[in-house]
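Residues per chain, in single letters:
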Amino acid sequence: MMKALCLIPAALSLACSVAFAQSPAEFTQSGQIKIESLTLNGEPQNFIVGSSDASLRIPISDAFKIGADLGVDAVQLDGQSGGYVFATGVIASPYGKLTIGIPRLVMPQVFDVPSISGSEVLDVIQGRASGELLRFMTYFTEAPTLRGARYDVTLGNLTLAASAQELGTKHRMTYARAATYALGNYSVSIGRSDMDMGFFVASSTKIGLRGKMGRVSGGIVASHQETFRTWQDTTHTFVSLDLTDQITLSGQVFNIITARDRYLAWGVDVAYRHKSGMFVQAGMGQLNPTADRVVNLSLGYEF
C-alpha cells in the first residue's frame, strides 16, 4: 500500500509524458523511498518511509501556464501504513503560482531541516515538538482534509508563501505565511502558522538562518509555539560536512524549553550517496537525557 502511494506521482508523470509527448507540456517529478531500521529503547523497528511529487504545466500563453501538482507522504510500520495525498490545480505566471485543492503545507517546506540521526520517522515525531503538528498528523493519524489555497511568488531575492486551508468540516481553519530572503549561499526565513480546530487552538512562529561555505553547510531554526495556556520554545541547530562528493557527515542539536522543563535532543549521521540515486545512511542520537540512545540504519533511493 505504502509503495503504491509513493509511486502515484511517478506513474502520473509517466502517463502524462506519453499522453503529451508531442505537446509543449512540462513535467517534473522527484522523491525518495527509504527503508529504516530504527532501534528505540533497545527494541528494533523497521519502517518504510517515502515522499514524492509530480508537476504538470501546460503553457496557454507566453506568460501563463495551467496544470496540476500531486504529492504523497507515506509511512509503513509492522504491516500498518499511513500517509497523505496532496493534489492541486495550478495557475502559474510571472506574478506567482496559485494552487487550489489540497496544497502542501507551507511551514514544513520553508523550514525544511535535516532529520535527527538521519531518520525521517524521528524527524516527523520530533517536528511535532517544533510546531509541525499538522505534518505529524498527516503521517500518523487520520488528518483532516486540508482543502484550501496556497500562493507563492518570488520577487528578486525575496520568496513569499501563504496558505489558507480548511481543517475538515465546521469551517475550522489553518493559516500559514512565510518569507525567505536569499543572497548567494545564505538565506533567512521567517514564518507563522495558526490552527483552530475548535477544541484545539495552536500557533507557531519560526525564524531560520542557513548557509553554505565550501564543503560545510548548516543553519539554525528557532520557533515559539503556543497551545491553549502553555508555550514552548525550540531551537534546531544543524551542520553538515561533505567529506567527499558522495559522503556527508552531519550533526543536529534540538533544544526544547517549556514552562516546566528543558532538555536537549541530539543526533549524528553519515550518508553515502551514489550517482544512481541509491544511498545508505547510519546514525545515532538521543531524544532526551533520560531516554536510551537511538540507532538508525537506512537504505534508500532518490529519484
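An account of the accompanying structure is given in this report.

Moving on, we come to the overall build of the protein. A tally of regular secondary structure across the protein gives four helices and 16 strands. Within the protein, buried positions represent 43% of all 303 residues. Taking contacts inside the protein between residues at least 6 apart in sequence as the whole, the part at least 24 apart equals 45%. In the structure as shown, the protein presents an accessible area of about 15800 Å², 61% of it carried by carbon and sulfur atoms.

Enumeration over the complete set of coordinates arrives at two aromatic pairs. Ring centres of Tyr84 and Phe86 lie 5.0 Å apart, and the angle between their planes is 55 degrees; on these two criteria the pair is classed as tilted. This pair shows no difference in class: Tyr84 is buried, exactly as Phe86 is. Taking 6.1 Å as the distance between ring centres and 25 degrees as the angle between the ring planes, the aromatic pair formed by Tyr301 and Phe303 counts as stacked. Judged by relative accessible area, Tyr301 falls into the partly exposed class, the value being 34%. A relative accessible area of 29% means that Phe303 is categorised as partly exposed. For Arg273, the ring lying beneath its charged end belongs to Phe279, and the centroid distance is 4.7 Å.

Two side chains of opposite charge can pair, provided their charged atoms sit close to one another. Per the counting criterion, the structure on display carries 13 salt bridges. Linking Arg150 and Asp152 is a salt bridge whose minimum nitrogen-to-oxygen distance equals 2.9 Å. We note that Arg150, like Asp152, is buried. Ionic pairing is found between Asp194 and Arg192, a salt bridge with its closest N-O pair at 2.9 Å. Through salt bridges with shared partners, one network takes in Asp53, Asp73 and Arg104.

Another point: the nonpolar core. Core analysis: the biggest nonpolar cluster contains 12 residues, these being Leu38, Leu40, Phe47, Val49, Val75, Ile116, Val121, Leu122, Phe254, Ile256, Ala265 and Val294. Listed by contribution, the elements that provide at least two residues to this core are strand E1 (26–40), strand E2 (43–59), helix H3 (120–129) and strand E13 (247–258).

The next point concerns the environment of Phe27. Considering the arrangement of structural elements, one finds Phe27 in strand E1. In this structure the C-alpha to C-alpha distance between Phe27 and Ala54, which are 27 residues apart in sequence, comes to 7.3 Å.

Phi angles above zero are rare outside glycine, and Ser117 is one such case at about 60 degrees. Within the secondary structure, Ser117 is located in the loop between helix H2 (106–110) and H3.

Attention now moves to the pairing of strand E7 (residues 158–167). Taken together, the 10 bridges between strand E6 (residues 146–155) and E7 define a ladder with antiparallel strand orientation. Across the sheet, the residue bridging to Asp152 is Ala161, located in E7. Where E6 folds back onto E7 in an antiparallel hairpin, the turn is made up of two residues, including Gly156, whose phi is positive at roughly 65 degrees. Bridge count for E7 against strand E8 (residues 173–183) is nine bridges, and the pairing is antiparallel. Across the sheet, Ala164 pairs through a bridge with Tyr175, a residue of E8.

Turning our eyes to something else, we now look at the environment of Ala63. The topology assignment puts Ala63 in the loop between E2 and strand E3 (65–77). Between the C-alpha atom of Ala63 and that of Tyr95, which follows or precedes it by 32 residues, the distance is 9.3 Å.

Locating Thr174 in the fold gives a position in strand E8. For Thr174, a relative accessible area of 7% translates into the label buried. A polar atom in the side chain of Thr174 sits 3.0 Å from the backbone oxygen of Asp194.

What counts and what doesn't
Residues numbered from 1 in each chain as written. Predicted model: local features only at pLDDT ≥ 70, side-chain atom pairs only at ≥ 80, totals over all residues. Heavy atoms only, no water. Helix = DSSP H or I, 4+ residues; strand = E, 2+ residues; numbered from the N terminus. Buried < 20%, exposed > 50% of the residue type's maximum accessible area, 1.4 Å probe, protein only. Contact = heavy atoms within 4.5 Å. Areas by Shrake-Rupley, 256 points an atom, 1.4 Å probe, with all protein chains shown as cover. Phe/Tyr/Trp six-rings, centres within 6.5 Å; stacked < 30°, edge-to-face > 60°. Lys NZ or Arg CZ within 6 Å of the ring centre and 35° of its normal. Salt bridge = Lys/Arg side-chain N within 4 Å of Asp/Glu carboxyl O. Core = buried A, V, L, I, M, F, W, Y, C linked by side-chain atoms within 4.5 Å. Pairing = 2+ DSSP bridges. Polar contact = N/O pair within 3.5 Å; in protein donor to acceptor, adjacent residues only side chain to side chain.

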